[in-house]
Amino acid sequence: MKEKTGTSASRRTFIKGSLATLATFSIVPRHVLGKGFIAPSDQLTKAIVGTGSMGRGHIPYAGTKVVALCDVDKKHLDIAVGMVDKGVKTFSDYREVIQLPEVDIVHVATPPHWHGIIAADAARAGKDVWCEKPMTRTIGEGKRLVEAVQQHGRIFRLNTWFRFQDNFYGMRTPVKPIKKLVQSGLLGWPLKVTVSKHTGFDWKFYWVGNTNNVPQPVPAELDYEMWLGPAPYKPYSEHRVHQTFRGYWDYDGGGLGDMGQHYIDPIQYFLGKDDTSPVSVEVDAPQQHTEAVGTWRRITYTYADGCQIVLDGEAKDEKVAYIEGPKGKLFPNFQSDIPDLEKKLAAFPDPEPQVTDFVDAVKNRKKFALNEENGHRSCTIVNMGLAALRLGRSLKFDPEKQEFIDDEGANRLINQPMRGPWTI
């Protein structure tokens, strides 16, 4: 499919013929000045694939300029077009977008069943990638994406930021002091972290699927075949797409798929688990429907050293600590049962600094704070839980091989079939 708007002369050709006036341009894609080089004063160019509310929300990101938009829903695309400068190219097929020489960054803001494929294809096409959470819908897709990013020397950012900025949901404190407390040893070891409504984390159990959808006509503005992409073919129903797609296993994983990486990635960071995974996951949940995601009562992850992450869906214990160790507890608002905690903590060093400016990371080829490696590990925690929920049983996991132990059914969920012609 050809681009839908008119195009101007090639930026590359134009600038090659006008090097004397190069300094007057504020948008200079890296391919103009040489592979991998971007002048520090220049804006980065980006394409947004998926122009729903999340994709549109990142149009004005500082230090970047939107030069292309892509969506399979013409209504979404038209709204986004109204938010950008005239002349921005529009597409319905991401494969054309990633071949544009003027694009530096591809922002993947589609439903999760597309994340791995589009991000990996963009990396192979020489683009840096900004990807929404969850990073991938399966563990196997995550492994392939890590390989693509690293083999092609790309800079990757996963769009959950709580490990390095903003107050961490209902804890009402940034993660940095929590990291400092954990690495100080004042709480002891091993630690148990409980993610619950009472520690400030809402699991959004309204993201559940319908089990009685009636087939409906596909809206004229939607390319439903392309929206499905690698997912199994199912008759169109409004509830399966756009805002409510999270309730279906084919595309996401309910409240855990939606919020899990936001909540769990910072835990992985402050526990120092960025290079490993839990060795088991236990589930307490109703039997899940084969297509529609349901709710759960409790999911418990255990690491080899005894640390645990407890996802408490029932929230029965109103006085539960967010972090509990053999020497003390931490509650929301950085409250603790350790006397004079902040005074004691002042004697310990701060956590190592992180690269938290994505524009700077791309321009100077620095690994971003939340990248393909640690992002894949925190997404693996989410996908371990989703596999256990779908199967209705607890699972053992090998963090090195990144596969389940002695469970063929669980391992089939690591690399799930994709509808042709899609692969990753």
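Residues numbered from 1 in each chain as written. Predicted model: local features only at pLDDT ≥ 70, side-chain atom pairs only at ≥ 80, totals over all residues. Heavy atoms only, no water.

- An unreviewed UniProt entry lists the chain under the name Gfo/Idh/MocA family oxidoreductase, from Dyadobacter fanqingshengii.

## Examining the packing of helix 8 (residues 175-184) against helix 10 (residues 254-270)
The angle between the axes and the distance between the axes are what describe a pair of packed helices.
Next, step 1: Relative orientation of the contacting elements helix 8 and helix 10 amounts to 35°, with a least axis distance of 9 Å. In this structure, the crossing between helix 8 and helix 10 has a hand that is right-handed. Of the residues in helix 10, those in contact with V175, I178, K179 and V182 of helix 8 are P266, Y269 and F270.
Next, step 2: Grouping the constituent residues of the contact of helix 8 with helix 10 by class yields 6 nonpolar, no polar and 1 charged. (Axes fitted to C-alpha atoms, helices over the stretch in contact; angles between N-to-C directions. Helix = DSSP H or I, 4+ residues; strand = E, 2+ residues; numbered from the N terminus. Left-handed = near helix turned anticlockwise from the far one by under 90°. Contact = heavy atoms within 4.5 Å. Nonpolar A, V, L, I, M, F, W, Y, C, P; charged D, E, K, R; others polar.)

## Describing the domain arrangement of the chain
Next, step 1: One can read the domain layout of the chain as domain 1 (45-158) and domain 2 (175-353 + 371-414).
Next, step 2: Here domain 1 and domain 2 have C-alpha centroids that lie 24 Å from each other.
Next, step 3: In total, about 2800 Å² of surface goes out of reach between domain 1 and domain 2, with carbon and sulfur atoms giving 62% of it.
Next, step 4: The largest per-residue losses of area from domain 1 upon contact with domain 2 belong to V72, K133 and I139, which jointly make up 25% of the total buried on that side.
Next, step 5: On inspection of domain 1 and its partner domain 2, the count reaches 2 salt bridges.
Next, step 6: Notably, a salt bridge pairs K75 with E221, separated by 3.9 Å at the nearest N-O pair.
Next, step 7: The interface formed by domain 1 and domain 2 includes 17 residue pairs in polar contact (both at pLDDT 80 or more).
Next, step 8: Within the residue set of the side of domain 1 that touches domain 2, elements represented by two or more residues are helix 4 (74-81), helix 5 (94-97), helix 7 (139-151) and strand 6 (156-158).
Next, step 9: For the side of domain 1 that touches domain 2, the element with the most residues is helix 7, which contributes 8 residues.
Next, step 10: For the side of domain 1 that touches domain 2, the residue count by class is 13 nonpolar, 9 polar and 9 charged. (Domains from an automatic or database assignment. Buried area = accessible area lost by both parts, 1.4 Å probe. Salt bridge = Lys/Arg side-chain N within 4 Å of Asp/Glu carboxyl O. Polar contact = N/O pair within 3.5 Å; in protein donor to acceptor, adjacent residues only side chain to side chain.)

## Describing the UniProt feature "domain: Gfo/Idh/MocA-like oxidoreductase N-terminal" (unreviewed entry) in the chain
Next, step 1: Mapped onto the present numbering, the UniProt feature "domain: Gfo/Idh/MocA-like oxidoreductase N-terminal" (unreviewed entry) falls on residues 47-158.
Next, step 2: What you have in residues 47-158 is 36% helix and 21% strand, and the ends, taken at the C-alpha atoms, are 16 Å apart. (UniProt positions renumbered as here; feature names shortened; annotations may be inferred.)

## Observations regarding the sheet that holds strand 4 (residues 105-108)
Next, step 1: Here 6 strands make up an open sheet; going across it, the order is 3-2-1-4-5-6 and the pairing parallel. The sheet is open, and its two edges are formed by strand 3 (89-91) and strand 6, each paired on a single side. Strand-to-strand, the axes of this sheet are offset by a mean angle of 25°, without reference to chain direction.
Next, step 2: As paired elements, strand 2 (residues 64-70) and strand 3 share 3 bridges and run parallel to each other. Paired with A68 across the two strands is K89, which belongs to strand 3. (Pairing = 2+ DSSP bridges.)

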